[in-house]
Amino acid sequence: MTDIELRHLAAMAAIAEEGTFGRAAARLGYTQSTISQQIAALERAVGGRVFDRPGGPRPVRLTPLGSVVLGQGRELLARAEALADAVDRFKAGDGRIDIGTFQSVSNVILPSVVRRLRDEHPGCDIRLSEEEPEQPRIGDLDLLFYDGRVDDDVEYLKLLDDPYLLVARAGTFPGGPVPLERLDGAPMVAWPLTCSQPWMEQAVARGGARPRIVFRTAVNDTLLSMVRAGLGSAVLPWLAVRGSGVPSDGGLSVHELRPSLPPREIYLHWRAGRTRSPLARRAIDIAAEVAAELAPPPAGA
């Protein structure tokens, strides 16, 4: 059976449908001798004749063995056609993609990426997972967004610099930039000490300010609710501010800090040395385009 080839089965099916070797050869674009050679190879593989050949203009007939072979052969040909279709769809961008993300990217960048991928490839299967571990690993993910470089065997693309802004209850500070020293001893609400948060708080301390952290939460909406309630202000990256709709919130004000803090950096990672699917390659391109369109405004704007 290992000597049987799909072309042998395709020739057999064409002969059974057309009735003669000559018509089957014309349909498949072969010479009649080529068709005969393929059937001879098939018969050697299965150990018997698959067609009775009466000669002359009379059509050939399947032998009992031929009926068995053709019945199974049609299933194999159908599966081969399904395989070819799946490969074509994969090359065109369909298939499955697993993406790791985090809150700010999920709110601001990924919706556009997902929408464009779905518009271009309606049959694609997009799986998202949102975690913010202290030491992320790409694992079986195709792509991983993270606010910093991942300590793993990966390649990466830096998408953007994400500057830090001060979000306060309206009227807490005068309009315009706020001196960093004004935060010294001031009540603050903040994210937990994971990802880039410890690094940001250390930068605030180096700038001479040590706020009083009165509440920590990983949920942006909860954090901003506490800012509105007057529990304290918050220092957040621009993506988080934009994703939470703060600029249009009359109960909150957004300020630059002077001096400004070093921005956090947003990266997209994928495993080094692994062949990327067309869908993953397209997702990288779209993410880069979306990030360029979302680039934060210049300082002072």
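Residues numbered from 1 in each chain as written. Predicted model: local features only at pLDDT ≥ 70, side-chain atom pairs only at ≥ 80, totals over all residues. Heavy atoms only, no water.

### Section: the overall build of the protein chain
Reasoning step 1: A tally of helices and strands in the protein chain yields 10 helices and 14 strands.
Reasoning step 2: Its C-alpha atoms give the protein chain a radius of gyration of 32 Å, clearly above 19 Å, the size a compact globule of 301 residues would have.
Reasoning step 3: With the C-alpha coordinates aligned to their principal axes, the bounding extent of the protein chain is approximately 100 × 35 × 30 Å.
Reasoning step 4: The buried share of the protein chain, reckoned over its 301 residues, is 42%.
Reasoning step 5: Counting only carbon and sulfur atoms, one obtains 51% of the accessible surface of the protein chain, whose full area is about 15500 Å².
Reasoning step 6: Considering the protein chain, the positive charge centre built from 35 side chains and the negative charge centre built from 38 side chains are found 4 Å apart. (Helix = DSSP H or I, 4+ residues; strand = E, 2+ residues; numbered from the N terminus. Rg over C-alpha atoms; globule rule 2.2 N^0.38 Å. Buried < 20%, exposed > 50% of the residue type's maximum accessible area, 1.4 Å probe, protein only. Areas by Shrake-Rupley, 256 points an atom, 1.4 Å probe, with all protein chains shown as cover. Lys, Arg positive; Asp, Glu negative; His and termini not counted. Charge placed at Lys NZ, Arg CZ, Asp CG, Glu CD.)

### A short note on the side chain of Arg-271
Reasoning step 1: Relative to the helices and strands, Arg-271 is located in strand β14 (residues 264-271).
Reasoning step 2: One buried charge, Arg-271, has no salt-bridge partner; the nearest side chain with opposite charge is Asp-152, at 4.1 Å.
Reasoning step 3: A polar side-chain atom of Arg-271 sits 3.2 Å from the main-chain carbonyl oxygen of Gly-139. (Salt bridge = Lys/Arg side-chain N within 4 Å of Asp/Glu carboxyl O. Polar contact = N/O pair within 3.5 Å; in protein donor to acceptor, adjacent residues only side chain to side chain.)

### Points about the pattern of salt bridges
Reasoning step 1: Counting across every chain of the model gives 16 salt bridges.
Reasoning step 2: Linking Lys-158 and Asp-161 is a salt bridge whose minimum nitrogen-to-oxygen distance equals 2.8 Å.
Reasoning step 3: Across the pair Glu-289 and Arg-282 runs a salt bridge whose closest N-O atoms are separated by 3.9 Å.
Reasoning step 4: Arg-282 gets classed as partly exposed once you look at its relative accessible area, which sits at 22%.
Reasoning step 5: Connected through salt bridges with shared partners, the residues Glu-17, Glu-18, Arg-27 and Arg-74 form a single ionic network.

### Brief notes about the pairing of strand β9 (residues 187-190)
Reasoning step 1: By the bridge criterion, 4 bridges tie β9 to strand β10 (residues 212-216) in an arrangement that is parallel. Following the sheet pairing, Ala-190 is matched in β10 by Arg-216.
Reasoning step 2: Crossover handedness for the path β9 to helix α7 (residues 197-206) to β10: right-handed. (Pairing = 2+ DSSP bridges. Right-handed = clockwise from strand over helix to strand, strands pointing away.)

### Concerning the side chain of Ser-277
Reasoning step 1: Checked against the element boundaries, Ser-277 lands in the loop between β14 and α10 (278-293).
Reasoning step 2: The buried category is assigned to Ser-277, whose relative accessible area is 12%.
Reasoning step 3: In this structure the side chain of Ser-277 is engaged in a polar contact, spanning 3.0 Å, whose partner is the backbone nitrogen of Ala-280.

### Concerning the pairing of strand β3 (residues 96-101)
The two faces of a sheet get side chains in turn, since along a regular strand they alternate between them.
Reasoning step 1: Counting buried residues in β3 gives 5 out of 6 residues, a clear majority hidden from the surface.
Reasoning step 2: Bridging between β3 and strand β4 (residues 125-130) involves 6 bridges; their strand directions are parallel. Its bridge partner lying in β4, Arg-96 is registered against Asp-125.
Reasoning step 3: Strand direction decides the pairing type here: β3 and strand β5 (residues 143-146), joined by 2 bridges, are parallel.

### Side note on the nonpolar core
Reasoning step 1: The biggest cluster of nonpolar side chains holds 42 residues, and the ones touching the most others in it are Ile-109, Phe-145 and Leu-236.
Reasoning step 2: Residue contributions to this core peak at 8 residues, all from α10.
Reasoning step 3: Ignoring sequence-local partners within four residues, the contact set of Leu-236 consists of Pro-163, Tyr-164, Leu-165, Val-167, Trp-191, Leu-223, Leu-224 and Val-241.
Reasoning step 4: Counting residues in each nonpolar core, the second largest holds 18 residues, with Leu-9, Ala-13, Ala-14 and Ile-39 among its members. (Core = buried A, V, L, I, M, F, W, Y, C linked by side-chain atoms within 4.5 Å. Contact = heavy atoms within 4.5 Å.)

### A closer look at the environment of His-121
Reasoning step 1: Inspection of the secondary structure puts His-121 in the loop between α6 (110-120) and β4.
Reasoning step 2: Through-space distance from the C-alpha of His-121 to that of Ile-35 is 40 Å; in sequence the pair is 86 residues apart.

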